[in-house]
Amino acid sequence: MPESGVAIVGAGVAGAAAAIRLAERGVPVDLYEAVPEPRPIGAGLLLQPTGQRVLAAMGLLDEALALGTRVDRLFGDTPSGRAVLDMSYRRFHPEAYGLGMQRGALMGMLWRRLRELGVRWHCGAAAEGFEQDADGVTLRLAHRAPVRHAALILANGSFSRLREGMRVAQHGRPFPWGAVWTVLPAPAGFPQIELRQRFRSASQMIGLMPVGKAHAGDPERGINLFWSLPLSELEGWQERMGLDRLKQQMAALFPEVSPLLAGLRDSTQLREARYADVWMSRWHDGRVLAIGDCAHGMSPQLGQGANMALIDAHELTCEAAGDWPGVFERYSRRRRAHLRFYGQASKGLTPMFQSHAVVAPWLRDRFFGWGGKLPYIHQQSIATLAGVKTGWLWARLKL
Ligand SMILES: Cc1cc2nc3c(=O)[nH]c(=O)nc-3n(C[C@H](O)[C@H](O)[C@H](O)COP(=O)(O)OP(=O)(O)OC[C@H]3O[C@@H](n4cnc5c(N)ncnc54)[C@H](O)[C@@H]3O)c2cc1C
């Protein structure tokens with residue numbers, strides 16, 4: 001069988017963006033996606049200055065700005081009014097901001113670009129396994145003949161089983177907490193400029209983020225509503241708790257959300273999100289590379305996953321293709337510091353926001369607000385949020 005170009009498994013943010021960047025460089029790409037008819041859906045995302053820079057390099061930033069909503073500030077507090085997080089992008093850079101977007105809007109843009117570039121996109125093609133040798137990789141697909149390519153990129157999300165076929169030390173642990181989320185139309189007068197969170201200890205959290213339009217013709221700008229739940233309560237929450245009780249809990253924690261909740265009439269509007277902590281000692285194995293959540297899945301607490309997927313795609317194409325084992329090995333080296341920092345930060349910070357812990361959120365409530373008033377701490381926190389940190393001191397990502 002002849003080897004032709006690169007196979008990418010998964011047409012999410014990471015796979016679609018990597019396919020675009022490789023196709024732009026003239027690399028033949030085949031994109032394999034398990035879903036027969038992918039639809040542009042998914043939770044609201046905060047696109048950081050890093051992700052925005054990658055979209056600019058793809059010529060897609062202006063469209064993203066028209067679809068999304070600018071977020072200048074992140075503010076989180078407790079029911080007693082104690083400020084826990086208060087971060088303003090302007091303190092990072094006078095012109096910096098986050099961009100709240102619906103994942104569907106982002107996917108719609110990326111998928112259109114894929115088609116414009118003539119990427120061969122195979123839907124309903126679930127990859128089941130692969131074997132590599134000195135000359136290429138054979139990818140096994142459900143109900144289809146195997147295909148042979150010069151290299152393989154795994155971009156099939158946190159719960160990838162294909163990743164286990166890489167000869168790399170790794171683990172993917174389902175996170176014990178998840179969330180329900182939805183996008184609701186913003187009621188008249190509802191504040192639109194900040195990402196707003198409220199916490200009760202680490203066991204309750206509500207998040208509201210303006211996320212703009214689902215597509216260019218959408219007349220309404222939406223607000224993403226996020227409600228944290230332990231996995232034990234997420235399973236079958238409709239039967240055990242029901243929508244009305246859930247809405248009561250939300251309004252009790254954050255009364256200002258009530259006008260928004262009027263748009264939440266049916267439990268099917270709420271979608272469930274589960275995530276996993278993925279760690280790999282490196283991200284390449286010969287002619288195979290893992291990117292996106294498949295390589296470094298984490299909880300969405302730091303708002304980095306989609307941005308990291310975009311950076312992965314961008315860094316992958318920093319050099320001409322050809323010697324794929326060499327390209328992938330150098331990619332792993334370039335990505336190491338950034339991926340390690342965010343993996344560690346996510347592990348350290350997530351239990352302060354989603355867990356049954358008592359001490360960690362108590363410390364958070366006492367010290368985060370106070371620490372944020374110190375210029376150094378504030379700058380480090382906002383640089384973390386902006387997605388540019390590559391170490392615990394001053395090191396910054398260069399894109
Ligand atoms: C509630 C929530 C809020 C979030 N908020 C933010 C945020 O504010 N900012 C941010 O940057 N990130 C955020 N994230 C994270 C972000 O959504 C993910 O990091 C990002 O979408 C990962 O993209 P991906 O392409 O790596 O994986 P995925 O989006 O999971 O895509 C994987 C693709 O692979 C396909 N696939 C799976 N298995 C196979 C197979 N065997 N064969 C072929 N195809 C397959 C799937 O169908 C899917 O299309 C959030 C996530 C959640 C759940």
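Note that the structure is a prediction, hence the values are computed from the model and not measured.

## Focus: the overall build of the protein
Phase 1: Scanning the protein from N- to C-terminus turns up 13 helices and 19 strands.
Phase 2: Against the 2.2 N^0.38 benchmark of 21 Å for 399 residues, the protein shows a C-alpha radius of gyration of 21 Å, consistent with a compact globule.
Phase 3: The principal-axis extent of the C-alpha atoms belonging to the protein is close to 65 × 45 × 40 Å.
Phase 4: When the 399 residues of the protein are sorted by exposure, 55% land in the buried category.
Phase 5: Long-range contacts, defined as pairs at least 24 residues apart, comprise 72% of the intrachain contacts of the protein with a sequence gap of at least 6.
Phase 6: For the protein, the accessible surface area stands at approximately 16800 Å², while carbon and sulfur atoms represent 56% of it.
Phase 7: Taking the 47 positively charged and 36 negatively charged side chains of the protein as two groups, their mean positions are separated by 6 Å.

## Considering the domain arrangement of the protein
Phase 1: Under the domain assignment, the protein is made up of domain 1 (6-72 + 97-173 + 276-386) and domain 2 (176-274).
Phase 2: Look at where the C-alpha atoms of domain 1 and domain 2 centre, and you get two points 25 Å apart.
Phase 3: Between domain 1 and domain 2, the residue contacts involve 30 residues of the former and 31 residues of the latter.
Phase 4: Buried area between domain 1 and domain 2, summed over both chains or domains, comes out near 2200 Å², and the portion from carbon and sulfur atoms is 56%.
Phase 5: Considering only the surface of domain 1 that becomes buried against domain 2, L67, Q102 and Q354 emerge as the three largest contributors, covering 26% of it.

## Points about the state of the cysteines
Phase 1: Scanning all chains against the criterion turns up 0 disulfides.
Phase 2: The thiol sulfur of C123 is not disulfide-bonded, and the nearest other cysteine sulfur, from C294, lies at 19 Å.
Phase 3: By relative accessible area, which is 27% here, C123 ends up partly exposed.

## Regarding the sheet that holds strand β9 (residues 127-132)
Phase 1: Strand order across the open sheet formed by 3 strands is β9-β10-β11, with antiparallel pairing between neighbours. The outermost strands of the open sheet, each flanked by one partner alone, are β9 and β11 (147-149). Direction aside, the axes of adjacent strands within the sheet are offset by 25° on average.

## Some thoughts on the sheet that holds strand β7 (residues 98-102)
Phase 1: Read from one edge to the other, the open sheet built from 3 strands follows the order β3-β7-β4, with strand pairing classed as antiparallel. Looking at the sheet topology across the chains shown, the edges are occupied by β3 (44-47) and β4 (69-71). The sheet shows a mean angle of 35° between the axes of neighbouring strands, taken without regard to direction.
Phase 2: Across the face of the sheet, helix α2 (residues 49-57) comes into contact with β3 and β7 while running at roughly 85° to β3.

## Overview of the packing of helix α1 (residues 13-24) against helix α10 (residues 305-316)
Phase 1: For the pair α1 and α10, interaxial distance at closest approach is 8 Å and the crossing angle is 25°. Viewed along their axes, α1 and α10 adopt a mutual orientation that is roughly parallel. In terms of crossing hand, the pair formed by α1 and α10 is right-handed. Every residue of α10 that contacts α1 at V13, A14, A17, A18, R21 and L22 is listed here: A306, A309, L310, A313, H314 and L316.
Phase 2: The residue makeup of the contact of α1 with α10, split by class, is 10 nonpolar, 1 polar and 1 charged.

## Some words on the packing of α10 against helix α11 (residues 324-349)
Phase 1: One way to put it is that α10 packs onto α11 with a least axis distance of 10 Å and a crossing angle of 150°. With respect to α11, the axis of α10 lies roughly antiparallel. As α10 packs across α11, the resulting crossing turns out to be right-handed. Touching M308, I311, D312, E315 and L316 of α10 are V327, F328, Y331, R334, R335, H338, L339 and Y342, all from α11.
Phase 2: Partitioned by chemical class, the residues of the contact of α10 with α11 number 8 nonpolar, 1 polar and 4 charged.

## Quick notes on the site of the ligand
Phase 1: Lining the immediate environment of the ligand, one finds 30 residues, of which E33, L46, D293, A306 and N307 sit closest.
Phase 2: Separating an oxygen atom of the ligand from a side-chain N or O atom of E33 is a distance of 2.6 Å.
Phase 3: Separating an oxygen atom of the ligand from a backbone N or O atom of G305 is a distance of 3.2 Å.
Phase 4: In the complex, 81% of the free accessible area of the ligand, which totals 1000 Å², lies under the protein chains.
Phase 5: Grouping the amino acids of the shell around the ligand by side-chain chemistry returns 17 nonpolar, 10 polar and 3 charged.

## Remarks on the packing of aromatic side chains
Phase 1: Tallying each qualifying case throughout the model produces 8 aromatic pairs.
Phase 2: Seen from their ring centres, F199 and F353 are 5.2 Å apart, and the 65° between their planes marks the pair as edge-to-face. Of this pair, F199 sits in strand β14 (residues 194-200) while F353 is found in the loop between α11 and α12 (359-371), placing the two residues 154 residues apart along the sequence.
Phase 3: For F199, a relative accessible area of 1% translates into the label buried.
Phase 4: Under the relative-accessibility criterion, F353 is labelled buried at 5%.
Phase 5: Ring geometry for F367 and W370: centres 6.3 Å apart, planes at 75°, overall edge-to-face. Of this pair, F367 and W370 both sit in helix α12, 3 residues apart, which is roughly one turn of that helix.
Phase 6: What makes F367 partly exposed here is its relative accessible area of 44%.
Phase 7: The rings of F199, F353 and F368 are connected pair by pair, giving a single aromatic cluster.

## A look at the layout of surface pockets
Phase 1: For the second largest pocket, the calculated volume is near 210 Å³.
Phase 2: Considering the residues around the second largest pocket, the lining is formed by 16 residues, among which V278, W279, G343, Q344 and K347 are closest to the centre.
Phase 3: Where the lining of the second largest pocket is concerned, the elements lending two or more residues are β17 (271-280), α9 (293-296) and α11.
Phase 4: The element best represented in the lining of the second largest pocket is α11, accounting for 6 residues.

Scoring rules and cut-offs
Residues numbered from 1 in each chain as written. Predicted model: local features only at pLDDT ≥ 70, side-chain atom pairs only at ≥ 80, totals over all residues. Heavy atoms only, no water. Helix = DSSP H or I, 4+ residues; strand = E, 2+ residues; numbered from the N terminus. Rg over C-alpha atoms; globule rule 2.2 N^0.38 Å. Buried < 20%, exposed > 50% of the residue type's maximum accessible area, 1.4 Å probe, protein only. Contact = heavy atoms within 4.5 Å. Areas by Shrake-Rupley, 256 points an atom, 1.4 Å probe, with all protein chains shown as cover. Lys, Arg positive; Asp, Glu negative; His and termini not counted. Charge placed at Lys NZ, Arg CZ, Asp CG, Glu CD. Domains from an automatic or database assignment. Buried area = accessible area lost by both parts, 1.4 Å probe. Disulfide = S-S within 2.5 Å. Pairing = 2+ DSSP bridges. Axes fitted to C-alpha atoms, helices over the stretch in contact; angles between N-to-C directions. Parallel < 35°, antiparallel > 145°, perpendicular 65-115°, else oblique. Left-handed = near helix turned anticlockwise from the far one by under 90°. Nonpolar A, V, L, I, M, F, W, Y, C, P; charged D, E, K, R; others polar. Near = heavy atom within 4 Å. Polar contact = N/O pair within 3.5 Å; in protein donor to acceptor, adjacent residues only side chain to side chain. Phe/Tyr/Trp six-rings, centres within 6.5 Å; stacked < 30°, edge-to-face > 60°. 1 Å grid on protein atoms, 1.4 Å probe; cavity = no way out; pocket = protein on both sides within 12 Å on 5 of 7 lines; lining within 4 Å. Points joined across faces, edges and corners; volume = space filled by probe spheres on them.

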